[in-house]
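Geometric and topological summary
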Amino acid sequence: MPGTESPGGFVAAYLVAGEAAAVAANALHSAGLSVEPHHAGPSQIPRYSITSSRRQAKAGAQGLSARERQIVALIAVGGDNQSIARELGLSVDTIKAHVRKVLAKMGARNRSHAVHIAHEWDILR
């Protein structure tokens with residue numbers, strides 16, 4: 001399981017995918033580590049990267065404003081841009097801008113991934 005030090009002090013380690021990797025990934029997740037699958041091109045072996053979700057949670061949750069946490073919470077309950085805009089009394093364009101910021105700050109690929117990360121960071125209550 002080779003690892004490399006990445007910016008910000010996180011250690012990125014990689015597991016080759018397979019049944020043993022899935023068992024290891026579950027154990028690592030139970031220990032408070034974030035285990036994310038990385039699927040490279042078809043000629044490369046899928047891998048999992050492992051980072052400390054506790055450290056990410058503290059840094060990430062602090063990076064979101066109160067409004068951004070509110071947006072994530074509304075996304076988590078199924079809110080689309082229009083319903084969130086109505087709920088908060090803002091324009092749809094403003095909500096779209098907030099969602100883009102949230103996705104960028106959280107390093108999320110999409111809204112569902114942002115909700116998943118928010119659960120890991122324990123910011124949805």
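One can find the structure itself at the top, above this paragraph.
Residues numbered from 1 in each chain as written. Predicted model: local features only at pLDDT ≥ 70, side-chain atom pairs only at ≥ 80, totals over all residues. Heavy atoms only, no water.

Describing the packing of helix α3 (residues 66-76) against helix α5 (residues 92-106)
- At a minimum axis separation of 10 Å, α3 and α5 run at an interaxial angle of 95°. Taken as axis vectors, α3 and α5 run roughly perpendicular relative to one another. On α5, the residues that touch R67, E68, I71, V72 and I75 of α3 are I95, H98, V99, K101, V102, K105 and M106.
- When grouped by side-chain class, the residues that make up the contact of α3 with α5 number 7 nonpolar, 1 polar and 4 charged. (Axes fitted to C-alpha atoms, helices over the stretch in contact; angles between N-to-C directions. Helix = DSSP H or I, 4+ residues; strand = E, 2+ residues; numbered from the N terminus. Parallel < 35°, antiparallel > 145°, perpendicular 65-115°, else oblique. Contact = heavy atoms within 4.5 Å. Nonpolar A, V, L, I, M, F, W, Y, C, P; charged D, E, K, R; others polar.)

As for the packing of α3 against helix α4 (residues 81-88)
- Running from N to C, α3 and α4 point in directions that differ by 130°, and their axes come no closer than 10 Å. Our classification of the angle between α3 and α4 gives oblique. Between α3 and α4 lies a crossing of right-handed hand. Residues R67, Q70, I71, L74 and I75 of α3 form the contact with α4, whose own contacting residues are I84, E87 and L88.
- Taken together, the residues of the contact of α3 with α4 sort by class into 5 nonpolar, 1 polar and 2 charged. (Left-handed = near helix turned anticlockwise from the far one by under 90°.)

Here's the deal with the pattern of salt bridges
- For the structure on display, the rule yields 1 salt bridge.
- The salt bridge involving K105 is made with E68; its shortest N-O contact spans 2.9 Å. In this pair, K105 is assigned in helix α5 and E68 in helix α3, connecting sequence segments 37 residues apart.
- Given a relative accessible area of 44%, K105 falls into the partly exposed group. (Salt bridge = Lys/Arg side-chain N within 4 Å of Asp/Glu carboxyl O. Buried < 20%, exposed > 50% of the residue type's maximum accessible area, 1.4 Å probe, protein only.)

Digging into the side chain of H98
- Within the secondary structure, H98 is located in helix α5.
- In this structure H98 comes out as buried when scored by relative accessible area, which is 17%.
- For H98, the residues in contact, after removing those within four places along its chain, are R67, E68 and I71.

Here we look at unusual backbone geometry
- The phi torsion at D122 lies on the positive side, around 60°, for a residue other than glycine.
- Classification of D122 as partly exposed rests on a relative accessible area of 45%.

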